[in-house]
Amino acid sequence: MAKVKVQQGWLPGAIMESETGEGKYYSFRGVPYAQPPVGKLRFKAPQPPLPWEGIRTATEHGPMSAQIHYFTRKFVGSEDCLHLNVYSADLTPTKKMPVMVFIHGGGFKYGSANDDLYGPDLLVHQGVVLVTFNYRLEALGFLCLDTEEVPGNAALKDQLAALKWVKDNIVNFGGDPDNVTVFGESAGGCSTSLHLISPMSKGLFKKAIPLSGVPYCDWCLPFEPKKRAFLLGKDLGIETNDPNELLEFLQNVPVEKLVETNPIVLSFEDYNQDLYKLYHFTPVIEKDFGKGHNFLTEDPMEALKNKRINDADVLIGYAKEEAASGIPKFEASLLEKTNRFPELVVPRKLLMKITPETVLELSDRIREYYFQGKPLQMKEYVTYKSHVSFILDILRFATHLPKVGDGRRYMYKFSYVSDRNVYGSPGLNHGIREAGHMDILMYLFHAKFHDVKVIPNTEEFRMINLVRTLFTNFAKYGNPTPDSSLGAIWPEYDNTSKAYVEIEDKLVKKTAPEAEMVEFWRKIFETAGVEF
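Just so it is clear, the structure is predicted and the values come from calculations on it, not from any experiment.

How each quantity is defined
Residues numbered from 1 in each chain as written. Predicted model: local features only at pLDDT ≥ 70, side-chain atom pairs only at ≥ 80, totals over all residues. Heavy atoms only, no water. Salt bridge = Lys/Arg side-chain N within 4 Å of Asp/Glu carboxyl O. Helix = DSSP H or I, 4+ residues; strand = E, 2+ residues; numbered from the N terminus. Buried < 20%, exposed > 50% of the residue type's maximum accessible area, 1.4 Å probe, protein only. Core = buried A, V, L, I, M, F, W, Y, C linked by side-chain atoms within 4.5 Å. Disulfide = S-S within 2.5 Å. Phe/Tyr/Trp six-rings, centres within 6.5 Å; stacked < 30°, edge-to-face > 60°.

Focus: the pattern of salt bridges
- Counted by the stated rule, this structure contains 29 salt bridges.
- Arg-73 is paired through a salt bridge with Glu-260; the nearest N and O atoms lie 2.5 Å apart. Of this pair, Arg-73 sits in the loop between β4 (67-68) and β5 (75-76) while Glu-260 sits in the loop between α5 (243-251) and α6 (267-271), and the two are 187 residues apart along the sequence.
- A relative accessible area of 40% means that Arg-73 is categorised as partly exposed.
- Arg-365 serves as the salt-bridge partner of Glu-361, at 3.3 Å between the closest nitrogen and oxygen. Linking Glu-361 with Arg-365, this pair stays in helix α10 (residues 356-371), spanning four residues, or about one helical turn.
- Salt bridges linked by common partners bring Asp-218, Lys-349, Asp-393 and Arg-396 together as one network.

Below you can see the structure in the form of structure tokens.
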């Protein structure tokens, strides 16, 4: 057993054996980084953690945020979920190690930091300290009443609290508080991007890696969040126009009633629900009460255009066929619905801003481009969804992302496929053998849930080594390839060079990612009168 002192008290953790056979590491799990957000603290910004007497055992994960589990479809978790996990191979290194703080994905609705998906085994022996953490999900994390008490984004402030805890305590685990990399995938990628923008996050990290998610993505965008909050109340039994009355009511609703809710603002949202298109509770632009407590007070695009971002090195990217991971949902009903209703191929960000006539015009153009006007087939549909739900918006975000200070910019495209690509594997039934959403995580984390073994001296392990080295190099040096030992020197991305690296079975330098697709959508946005 290992014991570490943090600001709140003593933590005895565990000594674990790595699945890779690379040795032992120290594990501290279920560490509270804020007070339990329960009772009158429900929906509000997190409060600093309380000290404890004696010792607090840190050998088990804390509860995940209350949710309907994505895979089992059962209610799991608790409101008392603000816990983190720290993994380190050396608590007293001769030189403090870079720190990597991971934000899990799941549409702000699902997921946790637990080792069922995010075990540290692949990263912990690479000269970094790894931190993973839970944050509030769905209404619990993103309810917005436009009041000073509940302006929205409580979950992003949870993430902020975790970063502050890391800043204050990570040196006791061998980590360098002045060399922190924030990285996250999907909703975690969107969150990472927002930390680049939020003035509250300034000084808490030096590098950022948004994987497969940015604030421009349809599934990350809010729509009438205050109205949605009042409709949630109506669905649960209260009709009121008073935010204080609504808050009191919702603070007394059993937590089980606040997950998997469906407060739709417009009737077509009910039919337009889609794994990659609409989530009800997401980051919002907060009403500014002038107290400096707002995580986000302007549209992310405006912040980028005006260079109001934090100085950090950025590595951003996507998987070749992101939407391959969504095929089970597409098979269930979505393909059939999209075949029937023209507007369903139009991104939500455009749909909300244009006339029905323009919707039909754009729908015809999109269907012709991706499907040549024929009935939708799965293979073409997956490419369309990969573009419209992820890749297009990631590339738009990267184009807008300004250089401030000394920040460097790198872009990747992940296209390697092996038996570890469990998330994109539903594509195999449709002749799609491509890297899907989340697949890159299988080369960065050991996922107990999927029971895919880590076997040294295999081709898959060689790729694990390549991917984890790229990411930990970036955390150490702000550059994925500080030398040529990985077979290439990674060029920086900018709007002139548009240079990026495709991660195949080796690193391949390329330029102008998805240029034809980007140009097609540029014209679509132009017709819609929406800034590209």
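From this point, things continue past the structure.
Describing the nonpolar core
- In this structure, Phe-28, Tyr-33, Phe-173, Trp-219 and Trp-521 are the most contacted members of the largest nonpolar core, which totals 128 residues.
- If you tally residues by element for this core, the top one is helix α11 (residues 378-400), at 12 residues.
- Core analysis: the next-biggest nonpolar cluster, separate from the first, contains 46 residues, Met-442, Leu-466, Phe-474 and Ala-488 among them.

Re the state of the cysteines
- Applying the stated criterion across every chain yields a total of one disulfide.
- The partner cysteine of Cys-190 in its disulfide is Cys-220, sulfur to sulfur 2.1 Å. Taking the sign of the S-S torsion, -40° for the link of Cys-190 and Cys-220, the bridge is left-handed. Residue Cys-190 is found in helix α3 (residues 187-197), and its partner Cys-220 is found in the loop between β10 (207-211) and α4 (225-236); the two are separated by 30 residues along the sequence. The two residues Cys-190 and Cys-220 agree in class, both being buried.

A look at the packing of aromatic side chains
- Scanning all chains against the criterion turns up 33 aromatic pairs.
- With a centroid separation of 4.8 Å and 85° between ring planes, the pair formed by Tyr-369 and Tyr-370 is classed as edge-to-face.
- On the numbers, 6.2 Å between centres and 85° between planes, the contact of Tyr-370 with Phe-520 is edge-to-face. A residue pair is termed long-range when its members are at least 10 positions apart, and Tyr-370 in helix α10 and Phe-520 in helix α13 (residues 515-528) qualify at 150 residues. Neither residue differs from the other here; Tyr-370 and Phe-520 are each classed as buried.

Some thoughts on unusual backbone geometry
- Although it is not a glycine, Glu-138 adopts a positive phi angle of roughly 50°.
- Turning to its location among the elements, Glu-138 is positioned in helix α1 (residues 138-142).
- One non-glycine residue, Glu-224, lies in the positive phi region at around 45°.
- As for its position among the elements, Glu-224 is in the loop between β10 and α4.

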